[in-house]
Amino acid sequence: MANNPALGAVFERDEPAFVPYLAAGDPDYEASLEYVEALARGGADVIELGLPFSEPIAEGPTIQSAIVRALESGMTPDRYFEFVEDLDVDVPLVCMTYYNLIYQYGEGEGPRPFVEKAADVGLTGFVVPDLPAEEADPLRAACDEFDLDLVFIVAPTTRGERLDRMREQVSGYVYVQARLGTTGARDDVSDQTDESLARIDDWAVPKAVGFGIKEGDHAARIVRAGADGIIVGSALVDIVAEGHENGDSVETVADRLEAKARELKAGAVRGAAESAEADGD
Amino acid sequence: MSDTQKFGRYGGQYVPEALMPAIEELTDAYERYVLANEDGFMDEFRERLRDFGGRPTPLQYAEQLSDAYDTAVYLKREDLVHGGAHKLNNALGQVLLAKYMGKERIIAETGAGQHGTATAMAAAHLDMPCEIYMGRTDINRQRPNVFRMRLNGAEVNPVTVGRGTLKEAISETMRDWATTVETTHYVIGSVVGPAPFPHMVREFQSVISEEAREQIREQAGRLPDSVVACAGGGSNTMGAFAEFVDDAEVDLVAVEAGGSSLSVDEEAGVAPNSATLSTGDEGVLHGARTKLLQDSDGQIMESHSVSAGLDYAGVGPELAHLVDEGRVTPANVDDDAALEAFHRLSREEGIIPALETAHAFGYLHEHPDAVGDVTVINVSGRGDKDLETVVEETEKRDLDVDVDMSVFEGAAQEGV
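Residues numbered from 1 in each chain as written. Chains lettered and ligands numbered in written order. Predicted model: local features only at pLDDT ≥ 70, side-chain atom pairs only at ≥ 80, totals over all residues. Heavy atoms only, no water.

A. Region of the structure containing the overall build of chain B. Secondary structure summary: chain B contains 17 helices and 14 strands in total. When the backbone C-alpha atoms are referred to their principal axes, chain B occupies close to 55 × 50 × 50 Å. Counting over 416 residues, chain B shows a buried share of 64%. Considering only contacts in chain B between residues 6 or more positions apart, those separated by 24 or more positions represent 73%. Total accessible area on chain B is roughly 14,500 Å²; 45% of this is exposed by carbon and sulfur atoms. (Helix = DSSP H or I, 4+ residues; strand = E, 2+ residues; numbered from the N terminus. Buried < 20%, exposed > 50% of the residue type's maximum accessible area, 1.4 Å probe, protein only. Contact = heavy atoms within 4.5 Å. Areas by Shrake-Rupley, 256 points an atom, 1.4 Å probe, with all protein chains shown as cover.)

B. Broad picture of the environment of B:Arg105. All names here are of chain B. Here Arg105 lies in strand β5 (residues 105-110). Accessibility expressed as a relative area gives 17% for Arg105, which makes it buried. Distance from Arg105 to His86, taken between C-alpha atoms, is 23 Å for residues 19 residues apart in sequence. The residues touching Arg105, leaving out its near neighbours within four places in the chain, are Met128, Pro129, Glu131, Asp176, Thr180, Thr183, Thr184 and His185. Within the local environment of Arg105, its side chain forms a polar contact with the side chain of Asp176, the two groups lying 2.9 Å apart. A distance of 3.1 Å separates polar atoms of two side chains, one belonging to Arg105 and the other to Thr184. (Polar contact = N/O pair within 3.5 Å; in protein donor to acceptor, adjacent residues only side chain to side chain.)

C. Focus on the packing of aromatic side chains. The tally for this structure, following the rule as stated, stands at 21 aromatic pairs over all chains. Relative to A:Tyr105, the ring of A:Phe81 lies with its centre 5.3 Å away and its plane at 75°, an arrangement referred to as edge-to-face. Remark: A:Tyr105 occurs in the loop between α5 (99-104) and α6 (112-121) and A:Phe81 occurs in helix α4 (residues 77-86); sequence separation between them is 24 residues. In this structure, A:Phe81 and A:Tyr105 share a single accessibility class: buried. Taking 6.1 Å as the distance between ring centres and 70° as the angle between the ring planes, the aromatic pair formed by B:Trp177 and B:Phe197 counts as edge-to-face. One end of the pair, B:Trp177, is in helix α8 (residues 166-180); the other, B:Phe197, is in helix α9 (residues 197-205), and 20 residues separate them in sequence. Neither B:Trp177 nor B:Phe197 differs from the other in exposure class; each is buried. Through a chain of ring-to-ring contacts, the aromatic side chains of A:Tyr80, A:Phe81, A:Tyr105, A:Phe114 and A:Phe126 assemble into a single cluster. A cation over a ring is seen here: B:Arg32 above B:Tyr33, with NZ or CZ 4.9 Å from the ring centre. (Phe/Tyr/Trp six-rings, centres within 6.5 Å; stacked < 30°, edge-to-face > 60°. Lys NZ or Arg CZ within 6 Å of the ring centre and 35° of its normal.)

D. Region of interest: the packing of helix α1 (residues 20-35) of chain B against helix α4 (residues 87-101) of chain B. All names here are of chain B. Contact geometry for α1 and α4: axes closest at 11 Å, N-to-C directions at 105°. In terms of axis orientation, α1 runs roughly perpendicular to α4. Of the residues in α4, those in contact with Glu25, Leu26, Ala29, Tyr30, Tyr33 and Val34 of α1 are Leu97, Tyr100 and Met101. Classifying every residue of the contact of α1 with α4 by side-chain character gives eight nonpolar, no polar and one charged. (Axes fitted to C-alpha atoms, helices over the stretch in contact; angles between N-to-C directions. Parallel < 35°, antiparallel > 145°, perpendicular 65-115°, else oblique. Nonpolar A, V, L, I, M, F, W, Y, C, P; charged D, E, K, R; others polar.)

E. Just the interface of chain A and chain B, in detail. Listed per partner, the contact involves 36 residues of chain A and 36 residues of chain B. Carbon and sulfur atoms supply 51% of the area that chain A and chain B bury against each other, a total of about 2,900 Å² over both sides. In terms of surface lost to chain B, no three residues of chain A exceed A:Glu55, A:Ile57 and A:Glu135, which account for 22% of the buried area on that side. Here B:Lys6 makes a salt bridge to A:Glu135, at a shortest N to O gap of 3.4 Å. Counting across the chain A and chain B interface gives 21 residue pairs in polar contact (both at pLDDT 80 or more). Elements with a contribution of two residues or more to the side of chain A that touches chain B: α3 (61-72), α5, β6 (153-154) and α8 (160-169) of chain A. When residues of the side of chain A that touches chain B are assigned to their parent elements, the largest contribution, five residues, is made by α5(A). Considered class by class, the residues forming the side of chain A that touches chain B number 18 nonpolar, ten polar and eight charged. (Buried area = accessible area lost by both parts, 1.4 Å probe. Salt bridge = Lys/Arg side-chain N within 4 Å of Asp/Glu carboxyl O.)

F. Structural detail: the packing of α3(A) against helix α11 (residues 234-246) of chain A. Residue and element names in this part refer to chain A. Here α3 crosses α11 at 50°, and the two axes come no closer than 9 Å. When the interaxial angle is binned, α3 and α11 end up oblique. The hand of the α3/α11 crossing is left-handed. Counted together, Thr62, Ile63, Ala66 and Arg69 of α3 and Ser234, Val237, Asp238, Ala241 and His244 of α11 form the full contact between these two elements. When grouped by side-chain class, the residues that make up the contact of α3 with α11 number four nonpolar, three polar and two charged. (Left-handed = near helix turned anticlockwise from the far one by under 90°.)

G. Representation of the confidence of the model for chain B in the model. Scored by pLDDT, chain B has a mean of 93; 96% of the residues are at 70 or more. Predicted as a complex, the structure gets a pTM of 0.94 and an ipTM equal to 0.93. (pLDDT = per-residue confidence, 0-100.)

H. Structural detail: the pairing of strand β7 (residues 174-177) of chain A. All names here are of chain A. Alternating residues of β7 divide into Val174 and Val176 and Tyr175 and Gln177, and every residue in both groups is buried. Both β6 and β7 contribute to a ladder of two bridges, which runs parallel. Looking at β7, one finds that Ile153 is bridged to Tyr175. Regarding topology, α8 serves as the crossover connection from β6 to the parallel β7, and that connection is right-handed. In this structure, β7 lies alongside strand β8 (residues 207-210), joined through four bridges in parallel fashion. Each bridged residue has a counterpart across the sheet, and for Val174 the counterpart in β8 is Lys207. (Pairing = 2+ DSSP bridges. Right-handed = clockwise from strand over helix to strand, strands pointing away.)

In structure tokens form, the structure reads like this:
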């Protein structure tokens, strides 16, 4: 169920995937390269790399602030593609951004020039929070042309025909939104997660759960509920923001990110083991 | 896809997945209650517009302006709607619809404060709890409306990100909605946002042109040569144009805020105007494909107008479509000309217009030969809310305004 072989291979492994998010260029280009690489060292299996848009309506205050910092430090779509090329990581990168940036890029109309460039620099797919399946045909077609994946978000409110439509369109993995609202770290794990996973239980595409995951225990709990992967953004962006505000060195912040990544990955793996025990495997 | 979704290439539904079910629910409710008058919704809406809102508003022949510009000028007096602006037509419609849908809470964004005020009034009238998001900059320049919202029992939440104007307030309200969508209705304040909002808001506002069309035929014995309305998001514009769109002989002029300049500073991400129809490019913002003020990367520009209500980087998708089709003519008037028109209308006709509205009168002053023999100008709202801004902005400019804006010292000295 993946167009992109590298992304497809991640979910064929016999362990849950850890999918962290950071906004590219937060708080600046050089530091951000170090931070993304630290996530890879800490066990990231896929990295959702945010391309900042000025009106991020699906994001909570944490990621919104990261986007503002990245934009103020000069991040643009072209700089973003350079950033991807400059990164020294060996995990698939998925571009998370808003549709206007994809639509406006390059010569010619529509999303194709952006997708072509994304494929050229080695990105493997897209998450576009303001592009529902109903509006996604042009981007879907371009993704198919260049062997990239288009990940959709299933919300706790998504039901019926909308689920069917999304099932037809999604590839790579499906992003299961653990709770209503915008992104942001929470202190507990929502019961909505179980319901959401149950609704798409028979989908062939891997299920990665995001929104509100902050600790290894959350990750374990999500994987026990049946997720194939966990997506973590705000808890990591918080580490970048605190380091930036306190004037900590890039190396120190990178170490914290790597440690947090290890905790989250270990939590996910533990959750899988507990799940297997419970199943009597 | 139903015909409430797109206007040519514009419109659509570009929103986070969590909102899509609410938008489908709203589309269904709109088609049943508004378009099909199920349960007598439209009858109740019209009755409340009349008794609570004060409709119909007059179409007034403006003697001084007609003499000055040698053309018959008729004013559609939306400033006389309860609350002082056309905004109540939409707010009342949407809050009533939310009630029919069984929603428990109302949220809204506001720029100039007129939509927030209208929503707060409609929510109080229909006994619904209400929260309003308003940019910090706009709170500072529109304080009377903040007080009015609070008096009506609404909470006003300041939005401090970005430049703290309408664009940021809309984003913040969408975030609230994404969290509370199952119980809350978001009353969008203009013909913008995801479908069915542009279609629905136009439908609620079309009462303006429905009345005006009938009134001008009675009073002038014919249709006008032109209808002129100011355009920010475009709700009073589409309201004033809707029933004239099929009358090919009537010119429709949408007057935007030219601000301080039509040029842009791409490096700074700033457009010193809000002239989206005149200078914008196609893109996707706040749920719809439309014309936008954006840089070459697609980042949304900060817009500018002396009038908070026009200060928005987007515009309604239907207006963008009608401009592309050649049916609506975009025009723009700068800050200075709008301020001069504000003073002129106040002095010559005894009507203190909203600064938004003043742009339409600025157009009349600059292009009297373009409006034909009979013109209808939509007085979208009254200017009480803008007095502090007008005093401040007039004092710092060298305008052709023969008015003493200083405080009357005699009264203070005598303790009156």
